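A closer look at the structure
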Amino acid sequence: MVEIVNRPYAKAFETFATARPEVLCLSADLTSSCEIDGFRDRHPDQFLSLGMAEQNMLSFAGGLAMQGFRPFLHTFSVFLYRRPYDQLINSIAYSNRKVRLMGFLPGITTPGGITHQAIEDISVMRAIPNMTILECGDATEVETVLEVADSIDGPVYVRVLRGEVPRLFSTPFEFNKLRTLSEGDDVLVVTSGVCTEEALRAAEPLKNRGIGIHHLHVSTLKPFDRDGLIRVARGKKGVVTLENHTINGGLGSLVAEILAEEGLGVKLRRLGLQDTFAHGASKPYLMKKYGLDASALVAAIGDVLGKTLDIPDAELEAVRLDTVHSAQKAEAL
Amino acid sequence: MTLSNQQKTEDVAAGIRKRVFLHTMRNNGGYLSQACSAAESLAFLYNEALKLGEPTLPKVPLPFSGVPSASNPDAFTGAGYHGPFAPEYDRFIISPAHYALVIYSALIQMGRMDEHALDHFNRDGGSVEMIGAEHSPGMEVTTGSLAQGLSMASGIAWARKRKDEQGLVWVYMSDGEFQEGQTWECLAAMAYHGIDNIRVVVDVNRQQCDGAMSSVLDLGDLPARVSSFGVTCRSIDGHDLDAFRKAADSTEAGKPLIILANTSPYQGMEFLKKRFPRLHYVRFKSAEERQEMQSAIAAELRIDEAEIARI
Ligand SMILES: Cc1ncc(C[n+]2csc(CCOP(=O)(O)OP(=O)(O)O)c2C)c(N)n1
């Protein structure tokens, strides 16, 4: 059974920040939603409450960074880049300031509808020079991403997972290195964030049918481990990407760019939101509806192989981890 | 509880509190304190102030029919529950989208939505979303990213003025929205352009997600700050219906009207005071905690606890 870790960020951040006095914790009225309420209460001197005013928070953080502090900003992913985009560029990114943007509830992991769903954040961030983009796929990565982010000389955007998070990996977050989750000769599957856990559901059923899957998990989206990708993409019958994001500008796009630049001429299917906004509903419902789930992955693998893979939903359901996520705190946005 | 539009405004307010409370207990959590603070404001607006036609959408809320796009003719907005758009009718823009449960309850209480419409709340594939979006009942714009509603409403109001339409534009806001700079940019624009066909009611409950606003980022003397932008600002007791009536009648030519409704986040449910300052979203850690709240608030609202068990 997969271990489920409760609020891994809360503990990790406290341990990390208390050992580094130049780290400041900034919050925009979503303190408990970002699991830093305990930190606020126990370490008020390292905590700055800036209220629901994200544009100000980003520029303010730019100023803090100029004075040698390393601000870690906490709010939902959407509120870190949509409203304060100009502030992000001019107060932070252009001057390559060490500001860390900790984004919670990425993509369709929130039922809050389009106003709360960061579905184009990676695309937008990728377009910004100087920006580093990290994404956590499990509890271990949530626990170990802080030191990685802090080691970067420049602004960093992190997609963080909160609440009850499964532990999939036993080794820490390694900067700009792809994780190999399985090796196989037929199809290369590249996933990130919560989609990695989802893709793992298809692993056994595919193996049982004799399909060789090489599965890579991506936790550094910018920069990107280009060589690691090329090495295993070469000679495959197809490549499938799966991301909790629009297919435009995120993981699927960057894999497409690399495959084309290398002239690999391998078929690619990009799974993710197909150039559409989503809406407010539960995560399992949205993952199914928008084709971000294991069955969509199986269909895409069949598609690049030119055959129909008949894997009943029940077989994919059988390994679902959702049941143990029972107390997922979806509400209280 | 079948209702005509002949209700007393006090009863509408009581009905809103009751419906949100029942829903919160039945679903193990909800935006309950917002019902406490907003009940009189919304009751006054729906029952007395707003000039709206009959709903144009079916009483039982429709499923979500896709996001708006040139290729989706089925997309609709929840404004239909406020009646048709016509020059003589008012428009009502709701800015704090997380007040959705309270808004839905008000629409039901006013007979604009089906008695059991809350059964659709936060259901996969439905339009009655937890955070209202423009397809959700009563919503016309998507305002879950707070502090954009006022600006859109101002645009609507300016355009209606230009077209000589008689209907007003009413806006409902939360005080948290006064932390965002955009709200102040809009006040400046409304004053500068003399947009006087707009009426804004703000739920000044001095609460936000993290707790009391004074512990997060204080608004200070809000009436003075707002007034200084050259708009008409009335700061009233937000649970006093007569104060609302007076304030709504106190417009000044060439100026927008902002009514700051000073409210309590536990008005009518004193038991919630025990939870201060954690009131943003009421949830329960244990069955005992739930039962204690259920009994206490049911008694305050004079509700038979058996009614809560109804599915
Ligand atoms: C731009 C933006 N930032 C953050 C949030 C997350 N959020 C939801 S409600 C809220 C503040 C709640 O305060 P208020 O608006 O006064 O509502 P109330 O306390 O009365 O529920 C915040 C920060 C948001 N919805 N939009």
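Here goes a summary of the coordinates provided. (Residues numbered from 1 in each chain as written. Chains lettered and ligands numbered in written order. Predicted model: local features only at pLDDT ≥ 70, side-chain atom pairs only at ≥ 80, totals over all residues. Heavy atoms only, no water.)

**Description of the pattern of salt bridges**
Per the stated rule, a full pass over the model turns up 37 salt bridges over all chains. Here A:R20 ties to A:D150 by a salt bridge, and the two come within 3.9 Å at their closest N and O atoms. Here A:R20 is found in the loop between α1 (8-18) and β2 (23-27), whereas its partner A:D150 is found in helix α7 (residues 139-150), with 130 residues between them in sequence. Accessibility expressed as a relative area gives 22% for A:R20, which makes it partly exposed. For A:D150, a relative accessible area of 12% puts it in the buried group. For B:K273, the salt bridge goes to B:E270, with nearest N and O atoms at 3.9 Å. On the basis of relative accessibility, which here comes to 45%, the residue B:K273 falls in the partly exposed class. A single network of salt bridges, built from pairs that share partners, joins A:R20, A:E22, A:R70, A:R100, A:E147 and A:D150. (Salt bridge = Lys/Arg side-chain N within 4 Å of Asp/Glu carboxyl O. Helix = DSSP H or I, 4+ residues; strand = E, 2+ residues; numbered from the N terminus. Buried < 20%, exposed > 50% of the residue type's maximum accessible area, 1.4 Å probe, protein only.)

**Digging into helix α1 (residues 9-26) of chain B**
All names here are of chain B. The end-to-end C-alpha distance of α1, which contains 18 residues, comes to 26 Å, matching closely the 26 Å that a straight helix rising 1.5 Å per residue would cover. The element α1 is extensively covered by neighbouring structure, given that 14 of its 18 residues are classed as buried. N28 occupies a position one or two residues after α1 and carries a positive phi of about 65 degrees. (Expected span 1.5 Å × (residues − 1).)

**Digging into the nonpolar core**
If you look at the biggest cluster of nonpolar residues, it comprises 109 residues, and the most contacted ones within it are A:F13, A:L101 and A:I301. Among the elements that line this core, the one with the most residues is helix α12 (residues 294-305) of chain A, at 7 residues. Leaving out residues up to four positions away in the same chain, A:L101 has contacts with A:L58, A:L73, A:L80, A:L88, A:M125, A:M131, A:V156, A:Y157 and A:V158. Formed by 71 residues, the second largest nonpolar core is a distinct cluster that contains B:M25, B:L42, B:M113 and B:F244. (Core = buried A, V, L, I, M, F, W, Y, C linked by side-chain atoms within 4.5 Å. Contact = heavy atoms within 4.5 Å.)

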